[in-house]
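Observations on the model geometry
Residue-level listing of the chains:
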Amino acid sequence: MTVLLHAQKTSFCIDNIDILKDIDVAVRAGELVGLIGPNGAGKSTLLRLLCGVEQPTRGAITWCGEKMNATSATKRARDIGYLVQGARAQWPVKVERVVELGRLPYQGFLSRETQADRVAIERAMQLAEVVAYRNRIATTLSGGEQTLVMLARIFATEPQLICADEPVAALDPYHQLHVMELLRAHAQGQRAAVVVLHDLGLAARFCDRLYLFRHGRIFAQGTPGEVLTQDNLRAVYGIDSRIDCSEEGVSVTPLRRMAEGHP
Amino acid sequence: MKITSQQAVTESRRIVLWPLLIGLAVLLFIVALHMGPAHISIAGAMGDAWHDRLSVDRLIFADVRLPRALLAALIGATLGLSGAALQGLLRNPLAEPGIIGVSNCAALGAVIVFYFGLARFGWFMLPAGGLAGAFLSVVCIFLLAGKQRNVVSLVLAGIAVNAIAGALIALTLNFAPNPYAMQEIVFWLLGSVSNRSMQDVWMLLPFLAVGWAMIFRSGPLLDALILGEETAHSLGFNIARQRWWIVLGIAASVGAAVSVSGNIGFVGLVVPHVLRPLVGYEPRRLLGVSAVGGAILLMLADITVQLLSQGGEMKVGVVTALVGGPFFLYLILRTRSYW
């Protein structure tokens, strides 16, 4: 499988404090990669580096074999979609308009909406199942619906890679599954997705590979079965947990905090 | 089929709005040309100008009526446009050049040029003073309010900048060489487009052209900002750079406008707010209509001033402030849930 995105020896510092240190991450075509770890472990920061919104302090990130900082902003915007954590529309515009904004990387200052734009927008709305409320005002929708609208906006861009930052936080189980299924369906063929998750069960169920972060470093990586072990969770999260393997995949049940406190 | 009919409704609303605004603006412009104590024939005056005949009508038309109407339209458009741009940039319906201190700082710059007699160095000194003041204020506000989309910090920064500019203007007045100079500055500060000449219009135009172009150029960014700064960045927009384009555009156009008219507040607040629902809350589409809407509002205000005041004339800036102040309060009450 071809490596689409590759971060090598990547570090990110703010005020000389290492947020991320010597990270090696590879995302291959057809993969759904999960980034997990406690709050403040650097997952979101890494995601921002991976989609080119932030530049690493040291190390290099390559996108399709090309240095990320040498890639033009337009190409980057077309190839990589970034779903911000808790993304919400900031003006009360229509859902359809929000989805249309996904076509901005294809439009010049004076160019009007082309047939290709329209097709992509309609397809994106159908994919994310937001067609029913295309004419509603985005800010009046429920949290789950708004997340789907934001996902539709990313689909409209037709990116090769989707980077999603906690897309299922604060969603009910139905919408959590819906969002994860959409990301799973996206990560096929030459496309891929990277997703930051707190729900270890969903991470185990949907992701091909996981990276477990602790204090800005990768603590463990591999398939969900390899990463989600009792020892790893104890060392990283400071919790005792029960891990069951069944036909539906790995399921994680956090049981209690450890006596030693947070690691 | 359902989709196309809904799109058709949106399209038709767009199609109606523009001719309506343009028609209203043209109508008010013609009415404005007819306002004034002397009864002159506008058609006759224009005919005289065309055939290069000297007449009283032509002089009144060219030296009094035309510059006044043009300045009302141009300055109103600038205020409406920059209000819409600033609100789009900060995603905040309370942002306005007057409220966050841009106008006052531009006025300070112009007052300093007046006061120290710097105008003798060239016609461009006055707008340059206004521009420098406006620019400084916007930079201060950005440094104070930072990147956050926080209404409170923005308004507080605006209050601080406004207060400093007000204090410095007061200082200048304090040391005014004589009561007449002081009165002149105070009246100028109140904001008016009367007793100006075509020279002011020509002086204003290049700054407006550059400022407006910079603001309109940023339209796509304002639309992308519907999704927030991070997402706009991921859509390929260089926020840090394009933000400066808007800020410089506002500084150039508002700075120059204030240096001609003095302080005319609240146009940039009221106009985008009224028109925003009519363009589906889309920041980019709001720019053009707010420019025309601003022109309409200021021409209307200036016509009202001329109708109301006999003898000692009321300043148009006083009228917009009288109407705009309560409107600002109403807006704060309405948008409270928003922050």
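Right above here is the structure, for reference.
Figured I'd write up the structure that's included with this text.

On to the overall build of chain B, then. Within chain B, the regular secondary structure consists of 14 helices and zero strands. Across chain B, helices and strands are ordered from the amino to the carboxyl terminus as α-α-α-α-α-α-α-α-α-α-α-α-α-α. Over its C-alpha atoms chain B spans a radius of gyration of 20 Å, differing by no more than 12% from the 20 Å that the globule rule assigns to 339 residues. If you line up chain B on its principal axes, its C-alpha atoms span 60 × 55 × 35 Å. A buried classification covers 50% of the 339 residues belonging to chain B. A separation of at least 24 residues holds for 79% of the contacts in chain B among residues at least 6 apart in sequence.

On the chain A side, the residues contacting the 20 residues of chain B number 22 residues. Of all elements in the fold, only helix H9 (219-224) and helix H10 (229-234) of chain B reach the threshold of two or more residues within the side of chain B that touches chain A. Each residue belonging to the side of chain B that touches chain A can be placed in one class, and the counts come to eight nonpolar, eight polar and four charged.

Residue and element names in this part refer to chain B. With 14 residues, helix H4 (residues 102-115) should cover 20 Å at 1.5 Å per step; its first-to-last C-alpha distance of 20 Å lies within 8% of that length. Within H4, 12 of the 14 residues are buried, which leaves it mostly tucked inside the rest of the structure. Turning to H4, its buried residues number three or more, namely Val102, Ser103, Asn104, Cys105, Ala106, Ala107, Leu108, Gly109, Ala110, Val111, Val113 and Phe114. In the segment just after H4, Gly117 is the residue with positive phi, at about 60 degrees.

What follows is about the sheet that holds strand S8 (residues 192-196) of chain A. Residues and elements named next belong to chain A. With mixed pairing, six strands are arranged side by side in an open sheet as S6-S7-S8-S3-S9-S10. Of all strands in the sheet, those with a lone pairing partner are strand S6 (80-83) and strand S10 (217-222), marking the two edges. This sheet shows a mean twist of 15 degrees between the axes of neighbouring strands, independent of strand direction. Of the pairings in the sheet, the one linking strand S7 (residues 161-165) to S8 comprises five bridges and is parallel in character. When the bridges of S8 are listed, Ile162 appears paired with Ala193. Packing against the sheet, helix H5 (residues 143-157) makes contact with S6 and S7, and its axis sits at approximately 170 degrees to S6.

The next subject is the nonpolar core. Core analysis: the largest hydrophobic core is formed by 187 residues, its most contacted members being A:Ala152 and A:Cys163. By residue number, the principal contributor to this core is helix H3 (residues 56-90) of chain B, which donates 17 residues. With sequence-adjacent residues up to four places away left out, A:Ala152 is seen in contact with A:Val99, A:Ala124, A:Met125, A:Leu127, A:Ala128 and A:Val130.

The next subject is the packing of helix H4 (residues 115-127) of chain A against H5(A). Residues and elements named next belong to chain A. Between H4 and H5, the shortest axis-to-axis distance is 8 Å and the interhelical angle comes to 140 degrees. Between H4 and H5, the crossing angle belongs to the class labelled oblique. Crossing of H4 over H5 shows right-handed handedness. Along the contact surface, H4 presents Ala120, Ile121, Ala124, Met125 and Leu127, while H5 presents Ala152, Phe155 and Ala156. Residues that form the contact of H4 with H5 fall into these classes: eight nonpolar, no polar and no charged.

Attention now goes to the sheet that holds strand S5 (residues 66-67) of chain A. Residues and elements named next belong to chain A. Spatial ordering of the open sheet is given by S2-S1-S4-S5, a layout of four strands whose pairing is antiparallel. Here the strands that pair on one side only, and so sit at the sheet edges, are strand S2 (17-28) and S5. Note: strand S1 (residues 3-14) against S2, eight bridges, orientation antiparallel. Bridge pairing in S2 places Cys13 opposite Asp18. Taken strand by strand, helix H1 (residues 43-50) contacts S1, S2 and strand S4 (58-63), and its axis lies near 125 degrees from that of S1.

Calculation notes
- Residues numbered from 1 in each chain as written.
- Chains lettered and ligands numbered in written order.
- Predicted model: local features only at pLDDT ≥ 70, side-chain atom pairs only at ≥ 80, totals over all residues.
- Helix = DSSP H or I, 4+ residues; strand = E, 2+ residues; numbered from the N terminus.
- Rg over C-alpha atoms; globule rule 2.2 N^0.38 Å.
- Buried ≥ 20, exposed ≤ 12 C-beta atoms within 10 Å, placed from the backbone.
- Contact = placed C-beta atoms within 7 Å.
- Nonpolar A, V, L, I, M, F, W, Y, C, P; charged D, E, K, R; others polar.
- Expected span 1.5 Å × (residues − 1).
- Pairing = 2+ DSSP bridges.
- Axes fitted to C-alpha atoms, helices over the stretch in contact; angles between N-to-C directions.
- Core = buried A, V, L, I, M, F, W, Y, C linked by C-beta atoms within 7 Å.
- Parallel < 35°, antiparallel > 145°, perpendicular 65-115°, else oblique.
- Left-handed = near helix turned anticlockwise from the far one by under 90°.

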